[in-house]
Amino acid sequence: MADAKSPLSAQDLQTAVKEGRLGVLTRRLVRDRDWTAIERLLNEAGGEPTTLEDLHESTSAIAEATGGEPVSSLKRLAAAALVGRARCAEPTAAVMHALRAAGELLFEVGDFQRAAEIFERTGDHVRAADAYAALGAIEPLEAALARDDNARAHRRTAADAFRRFEILLASGERAAAVGAASEIPDGHPDGSALRASARDLERRLCRGRALTLIGSDGRRVRVAETPCLLGRDGLAQVVLRDPSVSRRHATIVAGTEGLVVQDAGSRVGTRIAGIPIGQPFALTGEGRLGLGDHCELTYRSLGPGLVELVCHTGLDRGLVAVVGTGPIPLVNAFSGAAGLSVSFCPDTIRLGRAPGVSLRIAGHLVGPVCDLLVGDVLELESGSLRLEIA
C-alpha cells in the first residue's frame, strides 16, 4: 500500500475547509494513496467548521477508492466522523443520507452491531435486519423486519390518505377532503403541510342555511334556505340592521301551499301591506312586508317554494334575498346563472352544476357538485357570469 511522502499541513486542511474543497482534497489524497494524511484529515476535520456535505463527500471518496485496500481503520474513522457530525444535527434528509453512508461503511468493515444501530436510527429496518443476520442475532432480526412491515403499512396508510385527499379535493368534495386529512398518520414528513391546508379549507367552508353572492357588477344577493329567520341577530339567515327590527323578528317557512311568513314574537309586529299579521301569511304573487318602524321589503313569488325579497327603506335599502326550500336555482338571483343551484347540507353549502354547464372555481373546472368556500370565485366558461362567495 503506497503512502504519499508529502505530509498534510494544517494550512492545507484549513484552506480546504474554508473554500469548501474538503472533498477535492480527500480525492487527491486517495488518488495518491496517502492513507496517513487521510487518517489525519478525518481526525482533524471534526474540529474544523466542516459542513456535513463536505465531510460526506470526503467519506464517499474514501469508500469508492478503498474497496480492495487493507484500510478498514480509515472506513471506521470515516463512519465515526459522519456519526459525530450528525449527532447534534436536525434529522434532515441530508443527515439521514450521511448516517446511512456511515452504516454502510461499518457494515463493510464487519462492525455489524453499530451498523445495525445506525440503520435503525435512519429507519432502514431492512438493512438493520441484514446486519443482525450477519451477527446471527435472530430475535433482533425478526424485530427489525416487523418494524419494517409496520413502517410499510404506515406509509401505505399515509399514501392512501394523501390520494383520497387529492381526489376529494379535485372532485369538489372539500368537506370530505378535510376528514381525509385527519387520517394522515402523525410523523409523516408532508403531513403537517397537508393538515395546515385542510385547516384552511375547514375555516373557509361555507356552512349554515344562507350564503351571500357578489356579481361582477358588485350586486350582492343573499340566498337562504327555509326556515329563514329575518332580524337583527347576526346568525339570522337575512340580517336586517334597523334598530326597530327585533333580533328575531319574523320567519319564512314552508307551508302546505308554499312559503309563508310569520311573526317570531317581535316587539312591534310584522305587517303585510301595512296590516299586522297574527297568523302565518302565504307569500304568493307580490306584496309589501313591513318589519319594525322603518324596514319595508317587497316580496315576489318566483315559483313554488321560492320568493324574492328586496328592501326599499332603512339601513338595508337595496338588500336582495332569494329564499326557498332548496336546492335554490341561482338564475333567480343572477340572470346568467342558468343551470347552477345551491343546496344547504348539514356540514356545508354545495353548488350544483347541470350537465352541459362548464364552470370554473378558483380557475379549475369543477364536477357536478362542489362544496363552497368563502372567497371562491365562480366563472362560467362562456364568460357570461362571474360570482364571488362572500
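Data block above holds the structure.
A brief report on the enclosed structure follows.

Definitions and limits used
- Residues numbered from 1 in each chain as written.
- Predicted model: local features only at pLDDT ≥ 70, side-chain atom pairs only at ≥ 80, totals over all residues.
- Heavy atoms only, no water.
- Buried < 20%, exposed > 50% of the residue type's maximum accessible area, 1.4 Å probe, protein only.
- Helix = DSSP H or I, 4+ residues; strand = E, 2+ residues; numbered from the N terminus.
- Contact = heavy atoms within 4.5 Å.
- Core = buried A, V, L, I, M, F, W, Y, C linked by side-chain atoms within 4.5 Å.
- Pairing = 2+ DSSP bridges.
- Salt bridge = Lys/Arg side-chain N within 4 Å of Asp/Glu carboxyl O.
- Lys, Arg positive; Asp, Glu negative; His and termini not counted.
- Polar contact = N/O pair within 3.5 Å; in protein donor to acceptor, adjacent residues only side chain to side chain.

## A word on helix 8 (residues 125–135)
- Among all positions in helix 8, only His125, Arg127, Ala128, Ala129, Ala131 and Tyr132 are buried.
- The secondary structure elements touched by the buried residues of helix 8 are helix 6 (93–108), helix 7 (112–122) and helix 9 (138–170).
- Once helix 8 ends, the next one or two residues include glycine 136, with phi positive near 80°.

## Here's the deal with the nonpolar core
- Judged by nonpolar contacts, the single largest core of 34 residues is most densely connected at Ile38 and Leu99.
- No other element matches helix 6, which puts seven residues into this core.
- Sequence-distant contacts of leucine 99, defined by excluding residues within four places in its chain, comprise Val83, Ala86, Ile118, Arg121 and Thr122.
- Core analysis: the next-biggest nonpolar cluster, separate from the first, contains 30 residues, Leu211, Ile349, Val357 and Leu378 among them.

## With respect to the sheet that holds strand 16 (residues 349–353)
- Sheet architecture is open: four strands sit in the order 14-15-16-19, paired in antiparallel fashion. In this open sheet, the two strands that pair with only one neighbour each are strand 14 (328–329) and strand 19 (369–371).
- Alignment of strand 16 against strand 19, held across three bridges, turns out to be antiparallel. Residue pairing in the sheet places leucine 351 in a bridge with cysteine 370 of strand 19.

## Some remarks on the pattern of salt bridges
- Considering all chains together, one arrives at 19 salt bridges under this definition.
- The salt bridge involving glutamate 379 is made with arginine 386; its shortest N-O contact spans 3.8 Å.
- Overall, arginine 386 belongs to the partly exposed group, its relative accessible area being 37%.
- Salt bridges linked by common partners bring Arg76, Asp111 and Arg114 together as one network.

## Some details on the pairing of strand 13 (residues 320–324)
- For strand 13, a buried count of five out of five residues is recorded, marking the element as mostly surrounded by other parts of the structure.
- Strand direction decides the pairing type here: strand 2 (residues 220–225) and strand 13, joined by four bridges, are parallel. Each bridged residue has a counterpart across the sheet, and for arginine 222 the counterpart in strand 13 is alanine 321.
- Sheet topology note: the strand 12 (residues 306–311)/strand 13 ladder contains five bridges and is antiparallel. Of the residues in strand 13, the one forming a bridge with glutamate 308 is valine 322.

## Considering unusual backbone geometry
- With an omega of -5°, the peptide bond between threonine 226 and proline 227 qualifies as cis.
- Tracing the sequence through the fold places proline 227 in the loop between strand 2 and strand 3 (228–231).
- One non-glycine residue, alanine 362, adopts positive backbone phi at about 55°.
- In this structure, alanine 362 sits in the loop between strand 17 (359–361) and strand 18 (364–365).
- By relative accessible area, which is 51% here, alanine 362 ends up exposed.

## Focus: the sheet that holds strand 21 (residues 386–389)
- Read across the open sheet, the twelve strands follow the order 8-7-10-11-12-13-2-1-21-20-17-18; overall the sheet is mixed. Two strands bound the open sheet, and with one partner strand each, they are strand 8 (275–276) and strand 18.
- Here strand 1 (residues 210–215) pairs with strand 21 via three bridges, running antiparallel. Looking at strand 21, one finds that glycine 215 is bridged to leucine 387.

## Here's the deal with the side chain of aspartate 242
- By secondary structure assignment, the location of aspartate 242 is in the loop between strand 4 (238–239) and strand 5 (250–255).
- The side chain of aspartate 242 sits in the buried core without any salt bridge; arginine 232 is the nearest counter-charge, 7.2 Å away.
- Polar contacts involving the side chain of aspartate 242 include one to the side chain of serine 244, which spans 2.7 Å.
- Non-local contacts of aspartate 242, meaning those with residues more than four positions away in its chain, are made with Arg232, His294, Cys295, Gly314, Leu315 and Asp316.

## Re helix 7
- By the burial criterion, the buried members of helix 7 are Ala115, Ala116, Ile118, Phe119, Glu120 and Thr122.
- The inward-facing, buried residues of helix 7 contact helix 5 (72–86), helix 6, helix 8 and helix 9.
- Just past helix 7, the residue glycine 123 takes up positive phi, approximately 85°.

## Considerations on the side chain of threonine 226
- Turning to its location among the elements, threonine 226 is positioned in the loop between strand 2 and strand 3.
- Contact partners of threonine 226, with chain neighbours within four places excluded, come to Arg209, Ile252, Val253, Ala254, Leu259, Val323, Gly324 and Thr325.

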